[in-house]
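Okay, here's what each chain looks like letter by letter:
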Amino acid sequence: WWTYPNTTAYAGVKERYVSPSKPSAMIALITTEAEHDTTELKEFVRHVRDAISGLGVGGGDYVGFLGSNTILVDSVEESSTTVTEIDAIVLPLALMVLVYVVQSWRMIIIPIINVFTCLLSSFAMMYGLTKFTVKAPSFVPSVMEAMVIALSIDYSLFILTRYRFEIMENGRRGEEAVREAAFHAGEVVFMSGLTLVSCFLGMTGFPTETVYMVGVGCAICLTMALVINLTMTPAILLAFPRTFSTFQVLPFCTRKEGPGAEEAAAEAAANAVQQDEYQLAPDDDDSLNPDNSANSLAGGGKREVMMGLGEEEEEAEDDGGRGEGPLSLFLPGW
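Let us look at the structure shown here. (Residues numbered from 1 in each chain as written. Predicted model: local features only at pLDDT ≥ 70, side-chain atom pairs only at ≥ 80, totals over all residues. Heavy atoms only, no water.)

1. Focus: the nonpolar core
And step 1. Counting residues in each nonpolar core, the largest one holds 44 residues, and the members touching the most others are Met-107, Ile-110, Met-126, Met-147, Tyr-163, Leu-222 and Leu-237.
And step 2. Every element with two or more residues in this core is listed here: helix 3 (68–102), helix 4 (109–132), helix 5 (140–168), helix 6 (174–201) and helix 7 (209–239).
And step 3. Sorting elements by how many residues they give to this core places helix 7 first, with 14 residues.
And step 4. Apart from residues lying up to four places away in sequence, Leu-237 is in contact with Ile-110, Leu-160, Tyr-163, Val-178 and Phe-244.
And step 5. Leu-41, Val-45, Val-48 and Phe-65 belong to the second-largest nonpolar core, a separate cluster that totals six residues. (Core = buried A, V, L, I, M, F, W, Y, C linked by side-chain atoms within 4.5 Å. Buried < 20%, exposed > 50% of the residue type's maximum accessible area, 1.4 Å probe, protein only. Helix = DSSP H or I, 4+ residues; strand = E, 2+ residues; numbered from the N terminus. Contact = heavy atoms within 4.5 Å.)

Next up, the structure:
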């Protein structure tokens, strides 16, 4: 039971913070600073909650900590948890769709690189902006991350699908295939991104800070997604042409297609043939032995290799004489 001194001075406080039946009351905790760092505020809320837990309140009684500060801290933590769950579920599904359309598991490397680059640059710019202007709502990073993931995979799908079409259908290779893909699919990506950026920039005209910061954050992440996908994707394709011109749905269990696979197979066959040509037979190994070479000389058997101007001759001689010609090279036992 909560009681107050029975005086008129506490009448307003009593009516405001104590329930009519007096089993519950509310205590107002007011901070001196209007704005707080999120980390400091989180530590403060945790400290108060730990102190409440240490009271050992039981018997059906409840002591809680409420207010705008706790709501802000809980919303930030909930946003982080939600973003993690979204990434764990949505990102793999989107990448599976990309692999199915492009028919190459290697292509998922490109949108993953684009996503992380976009997030890093967008959050860095947003942090610098909010450091000197108004604070952004706690849900803005979640919205920005969802936009970056969606658009990076979408734009990569446009460009990589056109890249596969140029290689497999039109027979283009290397720089020519990348140029055609960037020219045709890049135009669609550019107009789509420009339209979305313009729409979100329109939200900056609202007087509400929440709507204003959502528009600014989304416009920044869309701009970075547009620039990075139009520059980094062609750069990666040109840096590793054989890797990304080999199309295979799943590694180790599906057939490889494309010029990259053909070049790899031709190179492997050429290496095998070259290895067979340079592999020495057992008799040839014996002929390289110095003792066998000496025996060959003693028997008078040797081979003369004649190298003239523009012609080569080989002849076997038994008399041990030196051959005639511009250059005579004697290789015993060869």
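Past the structure itself, the notes keep going.
2. Some words on the side chain of Asn-229
And step 1. Inspection of the secondary structure puts Asn-229 in helix 7.
And step 2. Side-chain polar atoms of Asn-229 contact the side chain of Ser-156, separated by 3.3 Å.
And step 3. The residues touching Asn-229, leaving out its near neighbours within four places in the chain, are Asn-114, Ser-152, Tyr-155, Ser-156, Ile-159 and Pro-234. (Polar contact = N/O pair within 3.5 Å; in protein donor to acceptor, adjacent residues only side chain to side chain.)

3. Here we look at the packing of helix 5 against helix 7
And step 1. At their nearest, the axes of helix 5 and helix 7 sit 9 Å apart, and the two run at 30° to each other. In terms of their interaxial angle, helix 5 and helix 7 are classed as roughly parallel. As helix 5 packs across helix 7, the resulting crossing turns out to be right-handed. Judged by residue contacts, Val-140, Val-143, Met-144, Met-147, Val-148, Leu-151, Ser-152, Tyr-155, Ser-156, Ile-159, Leu-160 and Tyr-163 of helix 5 engage Met-213, Val-214, Gly-217, Cys-218, Cys-221, Leu-222, Ala-225, Leu-226, Asn-229, Leu-230, Thr-233 and Leu-237 from helix 7.
And step 2. Across the contact of helix 5 with helix 7, the residue classes tally to 19 nonpolar, five polar and no charged. (Axes fitted to C-alpha atoms, helices over the stretch in contact; angles between N-to-C directions. Parallel < 35°, antiparallel > 145°, perpendicular 65-115°, else oblique. Left-handed = near helix turned anticlockwise from the far one by under 90°. Nonpolar A, V, L, I, M, F, W, Y, C, P; charged D, E, K, R; others polar.)

4. Section: a nonpolar patch on the surface
And step 1. Where nonpolar side chains cluster on the molecular surface, the patch consists of Ile-86, Ile-89, Val-90, Leu-93 and Met-96 and spans about 480 Å² of accessible area.
And step 2. Turning to its location among the elements, Leu-93 is positioned in helix 3.
And step 3. Residue classification places Leu-93 among the partly exposed positions, given a relative accessible area of 48%. (Patch = residues over 30% accessible without salt bridge, like charges linked within 9 Å, V, L, I, M, F, W, Y side chains within 5 Å. Areas by Shrake-Rupley, 256 points an atom, 1.4 Å probe, with all protein chains shown as cover. Salt bridge = Lys/Arg side-chain N within 4 Å of Asp/Glu carboxyl O.)

5. Let's talk about the pattern of salt bridges
And step 1. In total, this model carries three salt bridges according to the counting rule given.
And step 2. A salt bridge links Arg-162 to Glu-166; the shortest N-O distance between them is 3.0 Å. Pair noted here: Arg-162 and Glu-166 are both in helix 5, with a separation of four residues, about one helical turn.
And step 3. Given a relative accessible area of 0%, Glu-166 falls into the buried group.
And step 4. Between Arg-172 and Glu-176 there is a salt bridge whose closest N-O contact spans 3.2 Å.
And step 5. Residue Glu-176 is classed as partly exposed on the basis of its relative accessible area of 36%.
And step 6. Put simply, Arg-162, Glu-166, Arg-172 and Glu-176 are held in one network by salt bridges that share partners.

6. Points about the packing of helix 3 against helix 5
And step 1. Following both chains from N to C, one finds helix 3 and helix 5 inclined at 10°, their axes separated by 10 Å at the closest point. By the angle class used here, helix 3 and helix 5 are roughly parallel. Facing helix 3, whose interface residues are Ser-79, Val-83, Asp-87, Leu-91, Ala-94, Leu-95, Leu-98, Val-101 and Val-102, helix 5 presents Ser-142, Glu-145, Ile-149, Ile-153, Ser-156, Leu-157, Leu-160, Thr-161 and Arg-164.
And step 2. For the contact of helix 3 with helix 5, the class distribution of residues is 11 nonpolar, four polar and three charged.

7. Description of helix 3
And step 1. With 35 residues, helix 3 ought to run about 51 Å at 1.5 Å a step, and its terminal C-alpha atoms sit 48 Å apart, in line with that.
And step 2. Of all the bends in helix 3, the largest measures some 30° and sits at Asp-87.
And step 3. All of the buried residues along helix 3 are Asn-69, Thr-70, Val-73, Ser-79, Val-83, Leu-95, Leu-98, Val-99 and Val-102.
And step 4. Two residues or fewer past helix 3, Gln-103 is found with a positive phi of approximately 65°. (Expected span 1.5 Å × (residues − 1). Bend = angle between axes of the 7 residues up to and from the residue.)

8. Things to note about unusual backbone geometry
And step 1. A positive phi angle, near 65°, is found at Gln-103, a position not held by glycine.
And step 2. Tracing the backbone shows Gln-103 in the loop between helix 3 and helix 4.

9. Comments concerning the packing of aromatic side chains
Where two aromatic rings form a pair, the distance of their centres and the angle of their planes describe that pair.
And step 1. For the coordinates displayed, the defined rule picks out one aromatic pair.
And step 2. Geometrically, the ring pair formed by Phe-240 and Phe-244 is edge-to-face, given 6.4 Å between the ring centres and 70° between the ring planes.
And step 3. Here Phe-240 falls in the partly exposed class, since its relative accessible area comes to 49%.
And step 4. Above the ring of Phe-247, the side-chain terminus of Arg-164 is found at 4.9 Å from the ring centroid. (Phe/Tyr/Trp six-rings, centres within 6.5 Å; stacked < 30°, edge-to-face > 60°. Lys NZ or Arg CZ within 6 Å of the ring centre and 35° of its normal.)

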